[in-house]
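Coordinates in review
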Amino acid sequence: MFENKTETQARKEILDLVREYHDKYLRKDTKFNIGDRISYSGRVYDENEVCSLVDSSLDFWLTMGRYSDRFEKEFAEFIGSKYCSVVNSGSSANLLAFAALTSPLLKERKVNRGDEVITVAAGFPTTVAPIIQYGAIPVFVDVTIPEYNIDVNMLEEALSDRTKAVMVAHTLGNPFNISKVKEFCNKYNLWLIEDNCDALGSKYCIDGEWKYTGTIGDIGTSSFYPPHHITMGEGGAVYTDNALLNKIIKSIRDWGRDCACPSGVDNLCQNRFNGQFGELPEGYDHKYVYSHFGYNLKITDMQAAIGCEQIKKLPSFIEARRKNWNRLKEELGCLSDKIILPKLDKNTEPSWFGFLITLKDNSGISRDGFVRHLEEKGIQTRMLFAGNLIKHPCFDEMRESGEGYRVVGTLLNTDKIMNDTFWIGVYPGMNDDKLGYMIKIIKEYLK
């Protein structure tokens, strides 16, 4: 088949066939019929992602390579961050972001075992898990409804002489009050990690300048799991403007090594056998010197190849999410006697992950019954993740011992979310027919 053809010609022929294959077998029919399942989210892609994936596979490099380098550069340029490190999941991104704060290179600002980190219990567990896994103490404060973000009025009360950081997420794409949180962190010299996994493309106006969420704190994190704003299947990213944090992040991501040479490259610094580190013999191979206890959290180049095409679509994805969210907000406004509709701050331009619905106390409606009805009608729903994280089995031992975490004030709104809140999708795969059907079913049930 490839006789008398160059590798470039052969590759082009393969990719042309891949495009044909996509058009015949993978292209999705977007027409909606009653009875079809309406997912809360999902992959949105075309032949370009498939071709990019195959192109990468033909290199058979498999680990991080040219596509990974390209994605890190293009992602950093898009979001407006100096440094980006791509990783294998959003959960790994959060782990890596927090692990970086425990580095001895940070000296007196290093987070030690027993130090405290202010966060919330209404969210996804992997925002909090790294705090516990590194022996720090999560300090839980309540959230506000209908913003579903950290109650900034509780920050001062949560502060102690052991507080070292704040680590919170922008809930379902709705930015938390970064101005107040950043002011608090600056006042007390605290680190700020923005879990941006559900908010890629959201913007916040701070000091008169619009910035993407994830770039205002010290470290931001993203997830590229299929339901998220862009996907690689699995994947995530950690980004920062701080050169020292970037050095630490890359070290811990890459086994904890001291050397910064990329995979497959030796002696980039020209000092591979010239240094003396720790108590190792002088001249010990720098590629096998470890300055941190690290992991291997890298992605494959095939994942990054998909991401390079997805990032081109990100602006249109963001616009579609906003359009879909706005339609739901407008058309469900007539139900405000039964449900609490989500609210955004005037200083924000969210890139929505989903549309939150909370039943009012006097609605006379069960959240569970409402959700079951929607699911029976083919409308996929999701809880606001953990609801109240400290009520889960993973906290049983800590709850019984009374050690390992603190709660400041009450978590009344967090419990309200656990009992009465759920959300539905706004992802770009939605169309007018799907949205119209969801609105119709919701109105019929509540009326």
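Keep in mind the model is a prediction, meaning the values are calculated, not measured.

Side note on helix α8 (residues 243–253)
Listing the buried residues of α8 in full gives L245, N246, I248, I249, S251, I252 and R253. Contact partners of the buried residues in α8: α3 (66–79), β1 (83–87), α4 (90–100), β5 (191–195), β8 (219–223) and β9 (236–240). At the C-terminal side of α8, W255 shows a positive phi close to 70°.

Observations regarding helix α9 (residues 301–331)
Between its terminal C-alpha atoms α9 stretches 43 Å, which fits the 45 Å expected from 31 residues at 1.5 Å a residue. In α9, a bend of some 50° at K313 exceeds every other bend along the element, and P315, a proline, comes one to four places later.

A closer look at unusual backbone geometry
In this structure, the amide linkage connecting I145 to the following residue, P146, adopts the cis form with an omega of 20°. With respect to the helices and strands, the residue P146 is situated in the loop between β3 (137–141) and α6 (155–158). Of note, the phi angle at F60 is positive, near 55°, even though the residue is not glycine. Looking at the element boundaries, F60 is found in the loop between α2 (47–59) and α3. A positive phi angle, close to 55°, is found at N189, a residue other than glycine.

As for the sheet that holds strand β10 (residues 339–340)
The strand order across the open sheet built from 3 strands is β10-β12-β14, with neighbouring strands paired in antiparallel fashion. Each edge of the open sheet carries a strand with a single partner, namely β10 and β14 (421–425). Summarising the sheet, strand β12 (residues 354–359) and β14 pair through 5 bridges and their orientation is antiparallel. Within β14, the position partnered with I357 by the bridge is F422. Lying over the sheet, α9 contacts β12 and β14, oriented at roughly 25° with respect to β12. Here helix α13 (residues 432–446) sits on the sheet in contact with β10, β12 and β14, set at roughly 150° to β14.

What to know about the nonpolar core
I118, V141, I150, V166 and V181 are the most contacted members of the largest nonpolar core, which has 31 residues in total. Where this core is concerned, the elements lending two or more residues are β2 (116–120), β3, α6, β4 (163–169), α7 (178–188) and β6 (203–206). If you tally residues by element for this core, the top one is α7, at 4 residues. Contacts of V181, omitting those with residues within four sequence positions, involve I150, V152, L155, V166, F176 and L192. Within the second largest apolar cluster, 29 residues are counted, among which are L332, L341, F370 and Y427.

What counts as what
- Sequence order as written defines residue numbering, which begins from 1 separately in each chain.
- For this predicted model, a pLDDT threshold of at least 70 governs which residues receive local features, and a threshold of 80 or more governs which side-chain atom pairs are given and counted, while totals over whole chains, interfaces and linings are taken from all residues.
- Side-chain descriptors were evaluated using all non-hydrogen atoms of the structure, hydrogens and water having been removed beforehand.
- Using a 1.4 Å probe on the protein chains alone, a residue whose accessible area is under 20% of its type maximum counts as buried, one over 50% counts as exposed, and one in between counts as partly exposed.
- The way it works is that DSSP assigns letters per residue, a run of H or I at least four long becomes a helix, a run of E at least two long becomes a strand, and they are numbered from the N terminus.
- By definition in these notes, contact holds between two residues if any of their heavy atoms fall within 4.5 Å.
- Multiplying one less than the number of residues by 1.5 Å gives the expected span of a helix.
- Note that the bend at a residue is defined as the angle between axes fitted to the seven residues ending at it and the seven residues starting at it.
- Should DSSP find at least two bridges between two strands, the strands are taken to pair.
- Fitted lines through C-alpha atoms give the axes, limited to the stretch in contact for helices. The angle between two N-to-C directions lies from 0 to 180 degrees.
- We define a nonpolar core as any set of buried Ala, Val, Leu, Ile, Met, Phe, Trp, Tyr and Cys residues linked to one another through side-chain atoms lying within 4.5 Å.

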